[in-house]
Each structure stands twice: as C-alpha cells, then as structure tokens.
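Now for the letters of each chain:
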Amino acid sequence: MGNSKKFTFNLIVVVSLLIICLLSSYDSLRSTTSEFKELFNGKNLKGWYTYQRKPEPTSKVEGLKMEDGKYVEPIGLNKDPLNVFTVVQNDGAPAIRISGETFGILVTDQEYENYHLTMEFKWGEKRYPPRENSKRDSGILYHSVGKEGVRGGVWMRSVECQVQEGDVGDLWCVDSTTAQVKTIQLKNKKFKYYPQAPFQTIDMRGDRFCQKSIDNEKEKGEWNRLDIYAYMRESVHLINGKKNMHLFNIGQIVNGKVEPLTKGKIQIQSEGAEIFYRDIKIRPIDEIPVFF
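In this text, all values refer to a predicted model and were calculated from it rather than measured experimentally.

Cut-offs and rules
- Residues numbered from 1 in each chain as written.
- Predicted model: local features only at pLDDT ≥ 70, side-chain atom pairs only at ≥ 80, totals over all residues.
- Heavy atoms only, no water.
- Core = buried A, V, L, I, M, F, W, Y, C linked by side-chain atoms within 4.5 Å.
- Buried < 20%, exposed > 50% of the residue type's maximum accessible area, 1.4 Å probe, protein only.
- Helix = DSSP H or I, 4+ residues; strand = E, 2+ residues; numbered from the N terminus.
- Contact = heavy atoms within 4.5 Å.
- Pairing = 2+ DSSP bridges.

1. Description of the nonpolar core
(1) Moving on: Core analysis: the biggest nonpolar cluster contains 50 residues, and L117, F121, I140, L171, L247, Y277 and I280 have the highest contact counts within it.
(2) Moving on: Counting residues in each nonpolar core, the second largest holds 10 residues, with Y51, V107, W155 and V174 among its members.

Set out below in structure tokens:
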C-alpha cells in the first residue's frame, strides 16, 4: 500500500473511531433515563407554585382592585382565578396547559444546580392582550433567584432560554444577570451566537439579548424537544437535538460587581399565548457533554 493510501486509510479509521466515540457518548447520556427526576407528575402541579402580575383590563377578575378601568394590583402568589395554569390531556398524554391570559410564572419549589433539564412543548391557538397580534411567546427561566416581580412586574432574576415562535433558544438576561457568549454583531446592532466568534458580554450594561444561531423549531401544532444543560457557570440550549446557544461565565451583578450564578429555581412563563408543556424532567450532570 502506498504512503498516500496508508494516510487515507488511517485518516478514515481515526475519523470513524471519533464518530463512534461521540455517538456512544451521546447515546449513553440520552439512554440513562433512570437518572431523571420527573418535575411534572402528570396529575397536578405539585412541586410548583405560581405568581401572576396585574391582568389586562380585558380579563375579568372579581375582587381585584381597579382604577380608571385598569387593575392596580397583581393577582399574586398561588392565586389563579383565570385558570392560567392547568393540567390537561393533550394528544393522549398529560400536559401542563398555560393559557397566556395573564403574564405569570410557574416556578419550581426547589433550586437546581449542575443539571440537564429536558421537556417538550407545543403551541396552542389562543393569544391575549397585549400580545394578541404578536408572535406566540413563553420561555424557560433558569438560575432564578430573588423575589418574584423584579422584572416586568412578574419575572424573577434569571437567565432565559427564549421560547417564542421562530426564536427558541435566544438568550435574555433577566434583571441583573450576565453571561459571555461568542457572538457576531448584525446590521441592526443586535448580537447573534456564532461559535467561532469572540466573546461578548450580554447584560443590562449593554444589550440583555443575544439571538440563537439556528432555528430548529417544528411546524406549529407539533411537539418540540427543548434541552438545557447547565454546569457551574456554563450552559447550553438545544432545540430538537441541535445546539443553538452556549453561555459562559454566568453571573449576577450585585452592587456593581459580578458574582457567580450557578443555581436557582426554574420558571416557565405565561406571556400572552397558549402553550402546552409535557415530559418535564431533570437529572444531575458533572460536566457539559464533550460533543457540545
């Protein structure tokens, strides 16, 4: 066998072994379902609590104070007069239905650190003011700390994996969180995740937002798989198995200084649109998987 043929053969062997190792690593991570803890029991919202801000005037909530035709107080903690958060049967399986009628959050009782969070979501039909003519919107807010309502009258300080039509995986730094992301700058001056680019700090001192790299959402009416890997000060967003956001040096700004942020509660948003979530579960990890 000539030198060039030997080189080609050896290269094919090396590449094949690398692919096998990566696939085996991925399969082993996905197959260890026994390690997962269910965050949704399929029966009720045990393990979660709710918080809702002031509803829109188009919603009727008896006993809630109004002035000049507008509500002046939030619905608040663990009150759901409009049944925004319910458990239903959808496509033959239990799911959490979030109507979207008020801006609110479904929040885990517990904090989580160093984990792989996975779930499925599917858009519904209904939309409500003030977003009745906007993209359907929700979101997964992780590393959530502090009080409810510090941002937008409802959200906790957190890091958001955006769940919005065409934008699933986008990053929002909610309140005073911060992260570094490899980005390019678009013509509209917004930042977009690009793995080969230099780091850019995303937080309230500049732009809280960074666009994901690819759109891998399925057609409306289909279920999508969303995964978040979070380890130490690093996290990865995946939509239907494809990575589209990678964060480093996650923190929160306290008294002008950046403090590490590695854990917190998980919030699921109600934000003007009907959406269904199911198969919500979490498991501990001791690293961000190498294939990311």
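2. Remarks on the side chain of T262
(1) Moving on: Here T262 is to be found in the loop between β21 (257–260) and β22 (263–270).
(2) Moving on: When residues no more than four places from it in sequence are discounted, the contact partners of T262 are Y112, E113, N114, H143, M232 and R233.

3. So, the pairing of β22
Two faces belong to every sheet, and in a regular strand the side chains alternate between them.
(1) Moving on: In terms of burial, β22 is a largely internal element, seven of the eight residues being buried.
(2) Moving on: Sheet topology places strand β8 (residues 104–108) next to β22; four bridges connect them, and they run antiparallel. The partner of I105 across the bridge, within β22, is Q269.
(3) Moving on: Examined bridge by bridge, strand β9 (residues 112–113) and β22 share two bridges and lie antiparallel to one another. Within β22, the residue paired with Y112 across the bridge is G264.
(4) Moving on: Bridging between strand β11 (residues 137–145) and β22 involves three bridges; their strand directions are antiparallel. Paired with I140 across the two strands is I268, which belongs to β22.

4. Points about the pairing of strand β20 (residues 242–254)
(1) Moving on: Sheet analysis places strand β14 (residues 177–185) next to β20, joined by three bridges and oriented antiparallel. Among the inter-strand pairings, T177 is bridged to a residue of β20, identified as Q252.
(2) Moving on: Pairing of strand β19 (residues 234–239) with β20, which is carried by five bridges, proceeds in the antiparallel orientation. In the sheet register, S235 faces β20, and the bridge partner there is L247.

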